[in-house]
Amino acid sequence: MGAHISIPMYQRSIPQRYRLVGQRCLKCGRVNFPPKAVCKYCFTGSEFEEVALSGRGVVYSYTIIAGGGAPSEFSEQAHCQGSYPVVLVELEEGPRVIAQLVDPPEKGIYIGMPVKAVFRKIYEEEGVVRYGFKFRPLERVAQQ
Ligand code: ZN
């Protein structure tokens, strides 16, 4: 388990989608992401504290989405790029999240591969650019 940092007040105005914020259940201590009204682990906890997630995790599972079968949010991108990988990542803090993987390594994606969340433009619609997080192999993040 990594160190957890409390969120400074000045960051609270930043929209949640631009950062990774989970909620720690005060009853069972597990971290929910995305935030829930009731803890998805103990099913009874409804009081939480915010925790900033590091964005680091490991690939738990992955799949390759072929163009055409993509969720609408990704369809434009799939149209441009063809197929692309989507990974289920187990974050350091425990939650598992699904997102697209960018810059996959030449040697291929593997279970247990270290990754880090990065914020990227996901798609543009009627002039509005949507951002969200994607994962990038940690070794490639370190190269930047
Ligand atoms: Zn709980």
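Residues numbered from 1 in each chain as written. Predicted model: local features only at pLDDT ≥ 70, side-chain atom pairs only at ≥ 80, totals over all residues. Heavy atoms only, no water.

S.K.: Looking at this model, I keep getting lost on the sheet that holds strand β1 (residues 21-25). Mind explaining?
M.R.: Hydrogen bonding along the main chain pairs the strands of a sheet, whether they run parallel or antiparallel. Pairing is antiparallel in the open sheet, where three strands are placed in the order β2-β1-β3. Lying at the two open borders of the sheet, with one neighbouring strand each, are β2 (31-32) and β3 (48-52). Bridge analysis of β1 against β2 gives two bridges, and the strand direction is antiparallel. Across the sheet, the residue bridging to Gln23 is Asn32, located in β2. (Pairing = 2+ DSSP bridges. Helix = DSSP H or I, 4+ residues; strand = E, 2+ residues; numbered from the N terminus.)

S.K.: Even after reading the chapter, I still don't get the packing of aromatic side chains, so can you show me in this structure?
M.R.: The way to describe two aromatic rings as a pair is by their centre distance and the angle between their planes. In this structure the tally under the stated criterion is two aromatic pairs. Aromatic side chains Phe133 and Phe135 sit 5.8 Å apart centroid to centroid with 85° between the ring planes, which places their arrangement in the edge-to-face category. Phe135 gets classed as buried once you look at its relative accessible area, which sits at 0%. Chaining the aromatic ring pairs together yields one cluster made of Phe33, Phe133 and Phe135. Here the basic side chain of Arg30 rests over the ring of Tyr41, its NZ or CZ set 4.0 Å away from the ring centre. (Phe/Tyr/Trp six-rings, centres within 6.5 Å; stacked < 30°, edge-to-face > 60°. Buried < 20%, exposed > 50% of the residue type's maximum accessible area, 1.4 Å probe, protein only. Lys NZ or Arg CZ within 6 Å of the ring centre and 35° of its normal.)

S.K.: Quick question: what am I supposed to make of the pattern of salt bridges here?
M.R.: A side chain with one charge may pair with a side chain of the opposite charge, provided their charged atoms come close. With the rule as written, the count across this model stands at five salt bridges. Ionic pairing is found between Arg96 and Glu90, a salt bridge with its closest N-O pair at 2.8 Å. Between Glu139 and Lys107 there is a salt bridge, and its shortest N-O distance comes to 3.7 Å. Taken together, the positions of Glu139 in helix α2 (residues 138-143) and Lys107 in the loop between β6 (96-100) and β7 (114-125) put the pair 32 residues apart, joining distant regions of the chain. Residue Glu139 is classed as partly exposed on the basis of its relative accessible area, which comes to 41%. Among the residues examined, Lys107 registers a relative accessible area of 62% and is labelled exposed. (Salt bridge = Lys/Arg side-chain N within 4 Å of Asp/Glu carboxyl O.)

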